[in-house]
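If you want the building blocks of each chain, they are given just below.
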Protein chains: 2
Amino acid sequence: MVQFIITIGSTETAKIDGISAAGATPALMVHTPRADAEIVTYGSLAGAPVVPVSPAGCPTPAVITRAVKERLRFETVIVDAGAAKESDAPAVSMPSGPGEDIRGSVAVPRAQPVFERSKELGAAIPDDELFIGETIPGGTTTAMGVLAVLGEESTVSSSLADNPVSLKRDTVRSGLDASGIEPGGLSGRPVEAVRRMGDPVLATVSGMTVGATQAGKSVTLCGGTQMSAAAQLVRHTGCNEAISQATTTFVANDETTGIQRMADAASVDLTVTDPCFNEKDHPAMQAFVRGEAKEGVGMGGALALLNRSHDVSSVHTYIEDVYERLIAEKPR
Amino acid sequence: MVQFIITIGSTETAKIDGISAAGATPALMVHTPRADAEIVTYGSLAGAPVVPVSPAGCPTPAVITRAVKERLRFETVIVDAGAAKESDAPAVSMPSGPGEDIRGSVAVPRAQPVFERSKELGAAIPDDELFIGETIPGGTTTAMGVLAVLGEESTVSSSLADNPVSLKRDTVRSGLDASGIEPGGLSGRPVEAVRRMGDPVLATVSGMTVGATQAGKSVTLCGGTQMSAAAQLVRHTGCNEAISQATTTFVANDETTGIQRMADAASVDLTVTDPCFNEKDHPAMQAFVRGEAKEGVGMGGALALLNRSHDVSSVHTYIEDVYERLIAEKPR
């Protein structure tokens, strides 16, 4: 059986102006991880005040993952790696707290215990196949930071149609300076790489992957360049077990990244799924076609799982349903 | 849609020798709530070390609830009201911690914030129908304590075939003496009743019920006399919304309790479901026929939900499946 896991978290890095589209405004972004968890779990909000949308109005990819969940009726587990706000969705809690700003000297103070607990959890979840997704605003910037100190290619994607690459590079450069680390300076030291330049979600996803694959489970990392960073963290622990990754055509077609090259570099088997959103003139789908969001909250993995047994277009009406349900909700 | 909630917790009261059958030994009982949560969530253990069985070998009622979940494919939410051990099942955490021994002066120090948070959660969960079950060793004794200080009938059931009624009465009497409260002395003060003589699960279940019913949702309390106590707590807040309760024939036929009378006293609509276990010569079912366990982990509610659309006997093969899966697991 497949268990579909969404790891939620937050960092101070995400508060840098213009770095993430995971919320209509920086003030609202603080609610995004828990809102995503509630949408995936319940199909609508519980305690979270707003449905996450990008500044340009693209609804959160949680809508897509939830729609596939309703289509296939798979189960989901939320892992809370320091979401900024308490969620009304049930979660397994990591001992992390939110991440700091990578422009300081330490980004994830408790990276080591989080990594160890995540390894245990990945081994303990009884299903033999784990899909692991994430929702953490600013996550591609921390991914870039981790890839840089590991000495790996760090061409990351963005939830913004226009990837703010130079802002991300400047942020990572400030972090390296504050930490006194050269690019590649933490090769082979993945936990330290997360502690100095990463985020709690990367610690959790990489830890679960190591624990699960070593226990004989198969793991699919659901997402784009953040999951490339998680895969490299796994490789830098010395773990050589097979890992799969599943993302969308929106990431694969993003010229600012090289997702296939990054997958090859980490010896990861990459699946790219086209959700065929260009077939539908619907706001929840057309925003993705314009290049917004691209990925996140397990979207690419959910689509790959769907594609095993169904035509991907069969989820479009479910997406419309979930979207209508969310938009119909009153603000609280 | 129905949302099926299991509230898990623990108290020092449960450590009184001979008071509960929610574990093969008192030392193993500490793992029961989290093991039940994992069985309901995953269909087998994750991090918990042992499958809960009574001293006489009856498997936890979580087996029955999980079997019905697999039959109907409903979703479940775990609410952690102070389980003694951290679970690998995702949960919404209440700000409670484990309960104290009711023979001391305060049983649930944080009863008020737990009650308030539970009200919020009950209102926030977006489904329009909530089924609420529990797993907390020693829970019928704390229920007796609460009913006593509310001034309500306190003839509670037991997970033991032979109900240790006099031990429970002595425990409650010691608690009343230590607290300096007369029977009926906290009538109309339900949060204080829980704080002095209850447990964190009673605070959570009654709080969620108040919040949910006031938000227009329907609530079914799943269980026996512990749920009678939760219902009385709701009534003593002044909440007069309709409440349902669902239990098993094992509780209804227990002569040491008067479950229908208690339901009438709290103006609760009681459903009693016979799981027809006498039809099957299987260890997981025959132990219930002998009077072990009787209820718990939402069992009565799961059976009532099943009975809406299916013959209850149709779950027997699912029970055998879950049981075989759990027994096949190696101890860790």
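Residues numbered from 1 in each chain as written. Chains lettered and ligands numbered in written order. Predicted model: local features only at pLDDT ≥ 70, side-chain atom pairs only at ≥ 80, totals over all residues. Heavy atoms only, no water.

K.L.:
Any chance you could explain the overall build of chain A here in plain terms?
P.N.:
Secondary structure summary: chain A contains 14 helices and seven strands in total. In terms of its C-alpha atoms, chain A occupies a principal-axis envelope of roughly 50 × 40 × 35 Å. Classification of the 332 residues of chain A by burial places 64% in the buried group. Looking at chain A alone, contacts between residues at least 24 apart form 79% of all its contacts between residues at least 6 apart. Just so you have it, chain A exposes about 11100 Å², and 47% of that area is on carbon and sulfur atoms. With 27 positive and 40 negative side-chain charges, chain A shows a separation of 4 Å between the mean positions of the two kinds. (Helix = DSSP H or I, 4+ residues; strand = E, 2+ residues; numbered from the N terminus. Buried < 20%, exposed > 50% of the residue type's maximum accessible area, 1.4 Å probe, protein only. Contact = heavy atoms within 4.5 Å. Areas by Shrake-Rupley, 256 points an atom, 1.4 Å probe, with all protein chains shown as cover. Lys, Arg positive; Asp, Glu negative; His and termini not counted. Charge placed at Lys NZ, Arg CZ, Asp CG, Glu CD.)

K.L.:
Before we go on, may I ask you to explain the nonpolar core in this structure?
P.N.:
In a soluble, globular protein the nonpolar side chains are often hidden away together inside. One finds Ile319(A) and Leu221(B) to be the most contacted residues of the largest nonpolar core, which totals 105 residues. Beyond its immediate sequence surroundings of up to four residues, Ile319(A) is in contact with Val63(A), Ile64(A), Ala67(A), Phe277(A), Ala284(A) and Met285(A). Ala230(A), Ile78(B), Cys276(B) and Met299(B) belong to the second-largest nonpolar core, a separate cluster that totals 104 residues. (Core = buried A, V, L, I, M, F, W, Y, C linked by side-chain atoms within 4.5 Å.)

K.L.:
Can you help me understand unusual backbone geometry in this one?
P.N.:
Comment: phi is negative for the bulk of residues other than glycine, and the bulk of peptide bonds are trans. All names here are of chain A. Notably, Arg73 is not glycine yet its phi reads approximately 60°, a positive angle. One can find Arg73 in the loop between helix H3 (62-72) and strand E2 (76-81). Using a relative accessible area of 44% as the deciding quantity, one classes Arg73 as partly exposed. At Ser267, a position not held by glycine, the phi torsion is positive, near 55°. As for its placement among the helices and strands, Ser267 is situated in the loop between helix H11 (259-265) and strand E7 (269-273).

K.L.:
Please explain the pattern of salt bridges as it appears in this structure.
P.N.:
If the charged atoms of two oppositely charged side chains come close together, the side chains can form a pair. Applying the stated criterion to the full structure yields 29 salt bridges over all chains. Its salt-bridge partner being Arg117(B), residue Glu86(A) comes within 3.8 Å of it at the nearest N-O pair. Highlighted residues: Glu86(A) in the loop between E2 and strand E3 (91-93) and Arg117(B) in helix H4 (residues 111-124), drawn from two different chains. For Arg117(B), a relative accessible area of 10% gives the class buried. (Salt bridge = Lys/Arg side-chain N within 4 Å of Asp/Glu carboxyl O.)

K.L.:
For this particular structure, what's the right way to read the relation of the copies chain B and chain A?
P.N.:
Relating the two copies of this chain is a rotation about some axis coupled with a shift parallel to it. Between chain B and chain A, the superposition needs a rotation of 180° and an axial shift of 0.0 Å, giving an RMSD of 0.0 Å. Taken together, the rotation and translation describe the operation of a two-fold axis. Comparing contact sets, 100% of the residues at the interface of chain B also lie at the interface in chain A, consistent with an isologous, same-surface contact. (Least-squares fit on C-alpha atoms with pLDDT ≥ 70 in both.)

K.L.:
Would you mind showing me how to read helix H14 (residues 316-327) of chain A here?
P.N.:
Structural remark: α-helix, 3.6 residues per turn; residues separated by three or four positions point the same way. Residue and element names in this part refer to chain A. In a regular helix each residue adds 1.5 Å, so 12 residues correspond to 16 Å; H14 covers 16 Å between its end C-alpha atoms and thus fits that length. When H14 is considered as a whole, its buried residues turn out to be His316, Ile319, Val322, Tyr323 and Leu326. Seen from one end, H14 has its buried residues packed into an arc of 120°, which puts them on one side. In this structure, the buried side of H14 is in contact with helix H2 (32-42), H3 and helix H12 (283-289). (Expected span 1.5 Å × (residues − 1). Arc of directions from axis to C-beta.)

K.L.:
I'm lost on the packing of H3(A) against H14(A) in this one. Help?
P.N.:
All names here are of chain A. Look at H3 against H14: their axes get within 8 Å of each other, and the N-to-C directions meet at 120°. Between H3 and H14, the interaxial angle falls into the category oblique. You can see that H3 and H14 cross each other, and the crossing is right-handed. Between H3 and H14, the contacting residues are Val63, Ile64, Arg66, Ala67, Glu70 and Arg71 on the first element and Tyr318, Ile319, Val322, Tyr323, Arg325 and Leu326 on the second. (Axes fitted to C-alpha atoms, helices over the stretch in contact; angles between N-to-C directions. Parallel < 35°, antiparallel > 145°, perpendicular 65-115°, else oblique. Left-handed = near helix turned anticlockwise from the far one by under 90°.)

K.L.:
Quick question: what am I supposed to make of the state of the cysteines here?
P.N.:
Within the structure shown, the criterion is met by zero disulfides over all chains. In this model Cys222(A) remains outside any disulfide bridge; the closest cysteine sulfur is found in Cys239(A), 17 Å from its own. (Disulfide = S-S within 2.5 Å.)

K.L.:
When you look at the interface of chain B and chain A in this model, what are you seeing that I'm missing?
P.N.:
Note on interface size: it is often stated as the accessible area lost on association of the parts. Contacts between the two partners involve 28 residues from chain B, matched on the other side by 28 residues from chain A. Roughly 1900 Å² of surface becomes buried between chain B and chain A when both sides are summed, with 48% attributable to carbon and sulfur atoms. For the interface between chain B and chain A, the tally reads six salt bridges. One salt bridge connects Lys69(A) with Glu75(B), and the closest N-O pair in it is separated by 3.8 Å. (Buried area = accessible area lost by both parts, 1.4 Å probe.)

K.L.:
Explain the side chain of Ser157(A) here, please?
P.N.:
Mapped onto the elements, Ser157(A) comes out in the loop between helix H5 (139-150) and helix H6 (165-179). Setting aside residues no more than four positions away along its own chain, Ser157(A) makes contact with Thr140(A), Asn163(A), Lys168(A), Thr225(A), Val251(A), Asp254(A), Thr257(A) and Lys294(A).

K.L.:
Any chance you could explain H6(A) here in plain terms?
P.N.:
All names here are of chain A. Between its terminal C-alpha atoms H6 stretches 21 Å, which fits the 21 Å expected from 15 residues at 1.5 Å a residue. The set of residues buried in H6 consists of Lys168, Thr171, Val172, Gly175, Leu176 and Ser179. For H6, the angular spread of the buried residues around the axis is 135°, confining them to a single face. Summarising the geometry of H6, the exposed residues directed more than 90 degrees from the buried face are Ser166, Asp170 and Asp177. Against the buried residues of H6 lie H5 and helix H7 (190-197). Looking one or two residues beyond H6, the residue adopting positive phi is Gly180, at roughly 65°.

K.L.:
What is the right way to look at the packing of H5(A) against H7(A) in this model?
P.N.:
Geometrically, a packed helix pair is captured by the angle between its two axes and the distance between the axes. Residues and elements named next belong to chain A. Where H5 contacts H7, the two axes come as close as 9 Å, and the packing angle between them is 135°. Regarding the angle of H5 to H7, the classification is oblique. Where H5 crosses over H7, the handedness of that crossing is right-handed. Contact residues: H5 offers Thr142, Gly145, Val146, Val149 and Leu150, while H7 offers Pro190, Ala193, Val194 and Met197. Taken together, the residues that form the contact of H5 with H7 break down as seven nonpolar, two polar and no charged. (Nonpolar A, V, L, I, M, F, W, Y, C, P; charged D, E, K, R; others polar.)

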